[in-house]
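# Structural characterization, general
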Amino acid sequence: MKWWIVIWMMLAGCVEPRILEEQGIFTAVGFDKVGERYKASSVMLSFRSQRSSRSEVIQATNVTSKGTRQDLEAQTSHNLGSGQLRVVLYGKELAEKEGIFLFTDTFRRDANIGSLVYLAVAESSAEEIVKSKKLEDVPDIGTYLYRLIEKNLKSESLLAATLHEFIASYYDVGKDPILPYLSLQDGKPIIKYVALFHRDRFVGKIRLDESFYIKLLSKKYNAGMKNIIIPRKNIAPILLNKDELEKNIKFVLNEIRSDSKIKLVSAEPVPSFRIHVKMDAEILEISEKIKPFTKKNINMLEKAIEKQMKHEIDRLLKKLKKHNADPIGFGQIYDHSLRRYELTNQKWDERYKKAKIDVRVDINILRTGTID
Amino acid sequence: MGIAKERTLLNVYLVMFLVHTSQIGLGIIGVQRVIFVEAKQDAWIAVIISGLLVHLIIWIICKTLQATEHDDIFSLHTFVYGKTIGAVMNLLFIAYLLLAYTSIALGYVEMVLTWMYPDFPLSGGVLILIVLTIYALYGGGIRLAAGVSFITFFLTIWIVVLMFAPLKYAEWIHLLPILEATPSQMARGVFKTTYTMLGFEILYVVYPFIKEKEKVLKFAQIGVFFTTFLITAATVFAIVFFSPKQLEVTIWASLSMFTIVKFSFIERFEYVLIPLWLLVIFPNLVLFMWAVTRGGKAVFHLKQKYGLFFFSALAFFIAISFAKRATINEFIDQVGYYGFGFSFVYPFFLYTFVKIKKRFRKR
């Protein structure tokens, strides 16, 4: 039977070998629209046997997005591989005017690309971000952007950025995707805003601190941080210095653990939802001295923070409705709460604008740091 | 016929693994979409219903085999229908087994080519699988097949633990509202699940080789239960992981879900999973091919050793006549219908015929 094994081993040699030094590996790709053509800028990492790896940006423009790939191939002696692709950027203009679903669809079909690739919208153009040189200690821009987004997803207010989440939300009737919005600050890419989408089109941006509430309402939230500014007059009784009541006082909440429930209360005549957010937090910072934290004082503070948060959530929801973006998925809740009812995107677009959303926030301040 | 030598008898607990591993195969990787298209968010209920159906059929099969002294399907056919019609029925059953074998090989190779080696020829992939089956069966026969299913079960069952990783992105609301599917949607869902559940009909052929026949039913039921449990879990996970419209276009839902699994030492776990899946389909291949050669022996009095080469060549030529995914899918669907007939409908008829024949004889 030995010859069986010989045949078998010979067959294994049929697959084309890939030699590391001949590979050019994409770590980030950016797409922009320039006139009628698409421009792809990609960071290619190549390895050399003696020295360390190096990265370089190669660019191509073509009338179709797939065509750009061929043009990229023409510009390098390396075999291009997309298995290590970490981040895909879309220029704001492209995302706004054309939508990006067709671009992501290509990535889904390609089995080389994992579904945890991060997508992001680039302010002004993707090219600028990809070409940026300030990367802290990271060797290439793809890895830098990847770490930047990953960190913000884990510990900060960013809700979603992966290809999987984008596609899943896009396909879900009554839910819109959301992506990080990258901008340059002194030539360094940072995340200051979050991009809102209506289906696959960029419709607006919100600040990262507003995005905190989207995250708060969408899922269980653990160990985040949040600045909250409340008018001094709301907590006047516990202030030491009672002057200038029209000014604000700033708190930093830390170690936030929250859980939220969204219920459809009634479907007709307009969809009406009730949101109940429960939150545990610690106070990390206060911008001025206040009275000792007795039980009564803490209660008062909790009430004031709840009121402020409710106000901010209401404002955010109004903004979302104005942009017709539903990242929290009210439409999804609406659809799945009703029997024998099929929601369509058109129906929801119309109902979402009229939806009534009632918010209740319960805060529990567990600790106040090492001092009272 | 059907009376095996003492040394080839299998322990009864092996039935559990034989039934389970012959059921689990390619289906569990992509069945979610097919059921979901029919029964929507109630797809998992359809899986449970068809699982219950399999439990019932297993019971019927055991009853049928215990009814007379003929304890495999080939000799039962000659007993019930007489020589000529019996031979025709046997040929049909062999054809089904062989086509099932080919569809498994094709389906697996198709998946490997899409995910890993797009430039590798389909025929080469099929050849590797066929050679592997011949190698396994040539010296080993049923004892080796049983061993394979026992070992591969333990080599692959740990994958279940990883199924929980994608739940990080789960949206449980997708399961609501429960029981929205109409009876006809549900029925179609159950029907679509059956291809994945196929494989238990192997019991018709393995039965004579098992010691302690009175316990076969019990162990077969345990095997079926475990299969149903895994497929239900895979279906629920796919429903909560994908959004409805997305699931409808995802061909290998389980595999796509595993793209979420990531270790610090291996980033793309699906590339481990696909080769590993060979271990999952290997018992399928070995058992079906073994059953085919048993059939060859019963009908043509062909020694299993030679039958093995003959039927393997036949399977190879059937397989290489396919090139496109669409035709392969059509073929697999056809085999599914055929299998539904043989495994889900026919056992009831066969049982009735055997009963009638028996009574007729007594008189």
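Residues numbered from 1 in each chain as written. Chains lettered and ligands numbered in written order. Predicted model: local features only at pLDDT ≥ 70, side-chain atom pairs only at ≥ 80, totals over all residues. Heavy atoms only, no water.

### Brief notes about the overall build of chain A
Regarding its fold elements, chain A presents eleven helices and 13 strands. The C-alpha extent of chain A, read off along each of the three principal axes, is 85 × 60 × 55 Å. In chain A, which comprises 372 residues, the proportion classed as buried is 53%. Within chain A, counting contacts between residues at least 6 apart in sequence, those at least 24 apart form 67% of the total. Here chain A has roughly 18400 Å² of accessible surface; of this, 50% comes from carbon and sulfur atoms. In chain A, the 63 positive side-chain charges and the 50 negative ones have mean positions that sit 4 Å from each other. (Helix = DSSP H or I, 4+ residues; strand = E, 2+ residues; numbered from the N terminus. Buried < 20%, exposed > 50% of the residue type's maximum accessible area, 1.4 Å probe, protein only. Contact = heavy atoms within 4.5 Å. Areas by Shrake-Rupley, 256 points an atom, 1.4 Å probe, with all protein chains shown as cover. Lys, Arg positive; Asp, Glu negative; His and termini not counted. Charge placed at Lys NZ, Arg CZ, Asp CG, Glu CD.)

### A closer look at the overall build of chain B
When helices and strands are tallied, chain B shows 15 helices and zero strands. Computed over C-alpha atoms, the radius of gyration of chain B comes to 20 Å, within 12% of the 21 Å expected from 2.2 N^0.38 for 363 residues, which places it in the range of a compact globule. Considered along the principal axes of its C-alpha atoms, chain B spans approximately 65 × 45 × 35 Å. Each of the 363 residues in chain B was classed as buried or not, and the buried ones make up 59%. Here the analysis covers contacts within chain B between residues at least 6 apart in sequence; of these, 85% occur between residues at least 24 apart. For chain B, the computed accessible surface area is about 14800 Å², with 69% contributed by carbon and sulfur atoms. In chain B, 30 positive and 18 negative side-chain charges are present, and the distance between their average locations comes to 12 Å. (Rg over C-alpha atoms; globule rule 2.2 N^0.38 Å.)

### Focus on the UniProt feature "coiled-coil region" (unreviewed entry) in chain A
Summarizing the sequence annotation, UniProt attributes the feature "coiled-coil region" (unreviewed entry) to residues 306-358 of chain A in the numbering used throughout. Summarising residues 306-358 of chain A: 68% helix, 6% strand, and an end-to-end C-alpha distance of 14 Å. (UniProt positions renumbered as here; feature names shortened; annotations may be inferred.)

### Description of the interface of chain B and chain A
With 36 residues of chain B in contact, the opposing surface of chain A contributes 35 residues. Buried area between chain B and chain A, both sides added, is near 3200 Å², and the carbon and sulfur share of it is 57%. In this structure, the connection of chain B to chain A is made through one salt bridge. E171(B) is the salt-bridge partner of K175(A), the closest N and O atoms lying 3.0 Å from each other. Run the count over chain B and chain A and you get eleven residue pairs in polar contact (both at pLDDT 80 or more). Looking at the side of chain B that touches chain A, the elements that each hand over two or more residues are α5 (83-115), α6 (122-156) and α11 (244-247) of chain B. (Buried area = accessible area lost by both parts, 1.4 Å probe. Salt bridge = Lys/Arg side-chain N within 4 Å of Asp/Glu carboxyl O. Polar contact = N/O pair within 3.5 Å; in protein donor to acceptor, adjacent residues only side chain to side chain.)

### Digging into unusual backbone geometry
Cis geometry marks the peptide bond from L176(B) to P177(B), where omega comes out at -15°. Its identity is not glycine, yet R199(A) carries a phi of approximately 50°, on the positive side. Structurally, R199(A) can be placed in the loop between β8 (188-198) and β9 (201-207). Notably, K40(B) is not glycine yet its phi reads approximately 50°, a positive angle. In this structure, K40(B) sits in the loop between α2 (27-39) and α3 (43-67).

### Let's talk about the pattern of salt bridges
All names here are of chain A. The full count for this structure, using the stated rule, is 17 salt bridges over all chains. When the shortest N-O distance is used, the salt bridge between R207 and D209 registers 3.0 Å. Classification of D209 as partly exposed rests on a relative accessible area of 34%. When the shortest N-O distance is used, the salt bridge between K319 and E210 registers 3.0 Å.

### A look at the environment of D335(A)
Tracing the backbone shows D335(A) in helix α10 (residues 330-337). Distance from D335(A) to L264(A), taken between C-alpha atoms, is 9.7 Å for residues 71 residues apart in sequence.

### Concerning the domain arrangement of chain A
Residues and elements named next belong to chain A. Partitioning chain A into domains gives domain 1 (13-208) and domain 2 (219-367). The interface is formed by 17 residues belonging to domain 1 together with 23 residues belonging to domain 2. Both sides together, the interface formed by domain 1 and domain 2 hides about 1600 Å², and carbon and sulfur atoms give 48% of it. When the area that domain 1 buries against domain 2 is broken down by residue, the three leading residues are V173, G174 and R199, summing to 30%. Between domain 1 and domain 2 we count one salt bridge in total. Measuring nitrogen to oxygen at the nearest pair gives 2.8 Å for the salt bridge that ties R199 to D349. Residue composition of the side of domain 1 that touches domain 2, grouped by class: seven nonpolar, five polar and five charged. (Domains from an automatic or database assignment. Nonpolar A, V, L, I, M, F, W, Y, C, P; charged D, E, K, R; others polar.)

### Concerning the packing of aromatic side chains
Residue and element names in this part refer to chain B. According to the stated counting rule, one finds 48 aromatic pairs over all chains in the structure shown. Between Y96 and Y338 the ring centres are 5.9 Å apart and the planes differ by 75°, which places this aromatic pair in the edge-to-face class. Linking Y96 in helix α5 with Y338 in helix α15 (residues 325-362), this pair joins segments that are 242 residues apart in sequence. For Y338, a relative accessible area of 28% translates into the label partly exposed. Here the aromatic rings of F310 and F311 are separated by 5.1 Å at their centres, their planes lie at 70°, and the arrangement is edge-to-face. Judged by relative accessible area, which is 47%, F310 ranks as partly exposed. (Phe/Tyr/Trp six-rings, centres within 6.5 Å; stacked < 30°, edge-to-face > 60°.)

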